[in-house]
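# Examining the three-dimensional arrangement
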Amino acid sequence: MSQLILGIESSCDETGVALVHMPQDGGVPTLLSHALHSQIDMHRAYGGVVPELASRDHIRRVLPLTKQVLEDAGKTLQDIDVVAFTRGPGLAGALLVGAGVACALAAALDKPVLGVHHLEGHLLSPFLSEDPPQFPFIALLVSGGHSQLMRVNGVGSYEILGETIDDAAGEAFDKSAKVMGLPYPGGPILSKLAESGDPQAFKLPRPLLHSGDLDFSFAGLKTAVLTQAKKLGDELEARKADLAASTQAAIVDVLVKKTINALKQTGMSRVVVAGGVGANKLLREQLNAECAKRKIRVHYPELHLCTDNGAMIAMAAAMRMQAGQQQPSKTYAFDVKPR
Ligand code: KG4
Ligand code: ZN
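Residues numbered from 1 in each chain as written. Chains lettered and ligands numbered in written order. Predicted model: local features only at pLDDT ≥ 70, side-chain atom pairs only at ≥ 80, totals over all residues. Heavy atoms only, no water.

## Description of the nonpolar core
- Ranked by internal contacts, the top residues of the largest apolar core, which has 46 residues, are Phe218, Leu243, Ile251, Leu255, Leu263, Val273 and Cys291.
- Sorting elements by how many residues they give to this core places helix H8 (residues 236-266) first, with 13 residues.
- Beyond its immediate stretch of four places on either side in the chain, Val273 contacts Pro126, Leu140, Val142, Gly278, Leu283, Leu287, Val298, His299, Tyr300 and Pro301.
- Residues Leu114, Leu124, Phe137 and Ala316 belong to the second largest nonpolar core, which totals 32 residues. (Core = buried A, V, L, I, M, F, W, Y, C linked by side-chain atoms within 4.5 Å. Buried < 20%, exposed > 50% of the residue type's maximum accessible area, 1.4 Å probe, protein only. Helix = DSSP H or I, 4+ residues; strand = E, 2+ residues; numbered from the N terminus. Contact = heavy atoms within 4.5 Å.)

## Considering the side chain of Ser11
- Turning to its location among the elements, Ser11 is positioned in the loop between strand S1 (3-9) and strand S2 (14-22).
- Assessed through its relative accessible area of 2%, Ser11 is described here as buried.
- Those residues in contact with Ser11 that lie beyond four places of it in its chain are Thr86, Pro89, Gly90, Leu91, Ala94, Leu95, His118 and Asp308.

## Section: unusual backbone geometry
- Cis geometry marks the peptide bond from Gly88 to Pro89, where omega comes out at -5°.
- With omega at -5°, the peptide bond leading from Tyr184 into Pro185 counts as cis.
- Looking at the element boundaries, Pro185 is found in the loop between helix H5 (169-179) and helix H6 (186-194).
- At Asp110, a position not held by glycine, the phi torsion is positive, near 60°.
- Take Asp110: it is sitting in the loop between helix H3 (92-109) and strand S5 (113-117).
- On the accessibility criterion, Asp110 (46% relative accessible area) is partly exposed.
- Of note in this structure, Leu208 is not a glycine but carries a positive phi near 60°.
- Checked against the element boundaries, Leu208 lands in the loop between H6 and helix H7 (219-232).

## Observations concerning the packing of aromatic side chains
- Overall, the coordinates contain four aromatic pairs when judged by the stated rule.
- Measuring from ring centre to ring centre gives 6.0 Å for Phe216 and Phe218, while their planes differ by 15°; the resulting arrangement is stacked. Take Phe216 and Phe218: they sit in the same class, and that class is buried.
- Through successive ring pairs, a cluster of aromatic residues spans Phe127, Phe135 and Phe137. (Phe/Tyr/Trp six-rings, centres within 6.5 Å; stacked < 30°, edge-to-face > 60°.)

## Describing the UniProt feature "binding site: substrate" (unreviewed entry) in the protein chain
- Per the UniProt entry, the sites bearing "binding site: substrate" (unreviewed entry) are Leu141, Val142, Ser143, Gly144, Gly145, Asp174, Gly187 and Asn280 in this numbering. Among the annotated residues just listed, those that line the largest pocket are Ser143, Gly144, Gly145, Asp174, Gly187 and Asn280.
- Here Asp174 is to be found in helix H5.
- Taking relative accessible area as the criterion, Asp174 reaches 34% and is therefore assigned partly exposed.
- Each residue touching Asp174, except ones within four places of it in the same chain, is listed here: Pro185, Gly186 and Gly187. (UniProt positions renumbered as here; feature names shortened; annotations may be inferred. 1 Å grid on protein atoms, 1.4 Å probe; cavity = no way out; pocket = protein on both sides within 12 Å on 5 of 7 lines; lining within 4 Å.)

The structure is reproduced here in structure tokens:
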């Protein structure tokens, strides 16, 4: 029997809801509709995500968004077969909203629920694109909280090859942006500004670039950006685009080189990039160029599905169920895993 999966994402500052159709024959699940509310405007005044405000806003948004995705797909609540939600990692209060609503809805409909790992959602999000990848592949997972290189053999079979020993790549973007006085969310704003700057204007460190392993470290880069910003003083405003371009170049350089190393070390010929930083234009350009030279296929989620969304949660649930890795249950005694 084919199944309709409702996915709810509420781990941080986006409320995402989506409907995915999981075919009976084990074919690739498809996205029927999805809706997203970003809290960026609300948190901007505070320079970052305020957890309490995030939770309250998820409460306001999640049911109207659910109604919207059902209407957009021409479905009703009774058509839902499984409710999937993000179990973690993320902000505890924010996660509890998604989990609570998912379990309440499912209990009312007498349907099972399934808690999904947020990063698995990101990892599998390229399967929502028109040209989905095939297993096995190397995954570069780069978000606000994580930077990892993984060997992905199949659904649920993930081997970590390297990860950050301090800040995540998205954090490096966000913290550097803050140092430069750019508004939240730093990553996309810094990257936009970088378009008009000179990436070679400032010499910034590329930590662990030649370490031989596949780990990342970005904390030193942020400190170097801070030192540079202080040194510039009054000149910072005029040189901001150059500093942004140099920072972005340093982060992207490390991500691309380490990804190529992971491909070399494993002999794999396919790579998937996922997570918010996967939306970065320079990262895509440079990785595409390096992979083209080596005849390596690169897959990305569609641009609007790089950052947090409900579609990836419904998709991950569907793929886990299809693979027989996890089955939804009617035990509504939910919990969340912030870490
Ligand atoms: O995956 P995501 O939406 O949330 C987490 O799970 O963390 O990733 C958010 C991160 C933030 O650090 C944000 O600044 C970064 O992704 N990001 C970008 C871009 N778009 C989002 N970083 C660089 N360039 C972008 N275009
Ligand atoms: Zn995320």
